[in-house]
Amino acid sequence: MTKSPSHHPGVDVDALSAALRALGMLYGASQPLAKIVEGAKSEAEAIRMYIERERPHLLSSYDLETLVNMVQGAREAKTDAKASVEQYSPGHELRSKRK
């Protein structure tokens, strides 16, 4: 399915994807973001849908609207994710020195 404006009238999927990636929240999604937020009538609704489906564990620590505001803030700041808190690279762990 293509990303057409008729499917997401109020949602810029690319900008939303960049914001989620900047916060370390896009990694490991079960399906493409456009598919997850399909049918959302607004950006806030798309963010809620994504968090509820892909990151429900965050709701045990954060209020849903706080998370929505956080993602919208990252989008507005056009934050770029060089390295985020939730990313892990197994090749970068500290190795013990052998003598």
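Residues numbered from 1 in each chain as written. Predicted model: local features only at pLDDT ≥ 70, side-chain atom pairs only at ≥ 80, totals over all residues. Heavy atoms only, no water.

### Thoughts on the overall build of the protein
On a plain count of helices and strands, the protein comes out with 4 helices and 0 strands. Tracing the protein from N to C terminus, the helices and strands come up as α-α-α-α. Burial statistics for the protein: of 99 residues in total, 34% are counted as buried. Accessible surface for the protein amounts to roughly 6900 Å². Of this, 53% is attributable to carbon and sulfur atoms. (Helix = DSSP H or I, 4+ residues; strand = E, 2+ residues; numbered from the N terminus. Buried < 20%, exposed > 50% of the residue type's maximum accessible area, 1.4 Å probe, protein only. Areas by Shrake-Rupley, 256 points an atom, 1.4 Å probe, with all protein chains shown as cover.)

### What about the packing of helix H3 (residues 43–54) against helix H4 (residues 64–77)?
Geometry of a packed helix pair, given as the angle between the helix axes and the separation of the axes. Running from N to C, H3 and H4 cross one another at 120°; their axes reach a closest spacing of 10 Å. Handedness of the crossing formed by H3 with H4: right-handed. Of the residues in H4, those touching H3 at Glu43, Ala44, Ile47, Arg48, Ile51 and Glu52 are Leu64, Glu65, Leu67, Val68, Val71, Gln72 and Arg75. Tallied by class, residues from the contact of H3 with H4 come to 7 nonpolar, 1 polar and 5 charged. (Axes fitted to C-alpha atoms, helices over the stretch in contact; angles between N-to-C directions. Left-handed = near helix turned anticlockwise from the far one by under 90°. Contact = heavy atoms within 4.5 Å. Nonpolar A, V, L, I, M, F, W, Y, C, P; charged D, E, K, R; others polar.)

### A closer look at the side chain of arginine 55
Positionally, arginine 55 belongs in the loop between H3 and H4. One polar contact links the side chain of arginine 55 to the main-chain carbonyl oxygen of methionine 25, over a distance of 2.9 Å. (Polar contact = N/O pair within 3.5 Å; in protein donor to acceptor, adjacent residues only side chain to side chain.)

### Quick word on the pattern of salt bridges
Enumeration according to the criterion identifies 4 salt bridges in this entry. For the salt bridge of arginine 75 with glutamate 43, the shortest nitrogen-to-oxygen distance reads 2.5 Å. With arginine 75 in helix H4 and glutamate 43 in helix H3, this pair connects stretches of sequence that are 32 residues apart. Arginine 75 gets classed as partly exposed once you look at its relative accessible area, which sits at 24%. (Salt bridge = Lys/Arg side-chain N within 4 Å of Asp/Glu carboxyl O.)

### Focus: the environment of alanine 19
Its location among the elements puts alanine 19 in helix H1 (residues 13–22). For the pair alanine 19 and valine 71, spaced 52 residues apart in sequence, the C-alpha separation works out to 5.9 Å. When near neighbours in sequence (up to four residues on either side) are disregarded, alanine 19 contacts Val71, Ala74 and Arg75.

### Thoughts on H1
For H1, every residue scored as buried is listed here: Val13, Leu16, Ser17, Ala19, Leu20 and Ala22. Sitting at the amino-terminal end of H1 is aspartate 12, which places a side-chain oxygen 3.2 Å from the backbone nitrogen of aspartate 14.

### Some words on H4
Taking 1.5 Å per residue, 14 residues should reach 20 Å; H4 reaches 20 Å between its end C-alpha atoms and fits that length. If you check which residues of H4 are buried, you get Leu64, Leu67, Val68, Val71, Gln72 and Ala74. All buried residues of H4 lie within an arc of 155° about the axis, which places them on one face of the element. Exposed residues lying more than 90 degrees from the buried face of H4 are Glu76 and Ala77. Buried residues along H4 sit in contact with H1 and H3. You can read the cap of H4 off the contacts: a side-chain oxygen lies 3.1 Å from the backbone nitrogen of glutamate 65, and it is on aspartate 63. One or two positions beyond H4, positive phi appears at lysine 78, with a value near 50°. (Expected span 1.5 Å × (residues − 1). Arc of directions from axis to C-beta.)

Remember, this is a structural readout, not a statement about activity or role.
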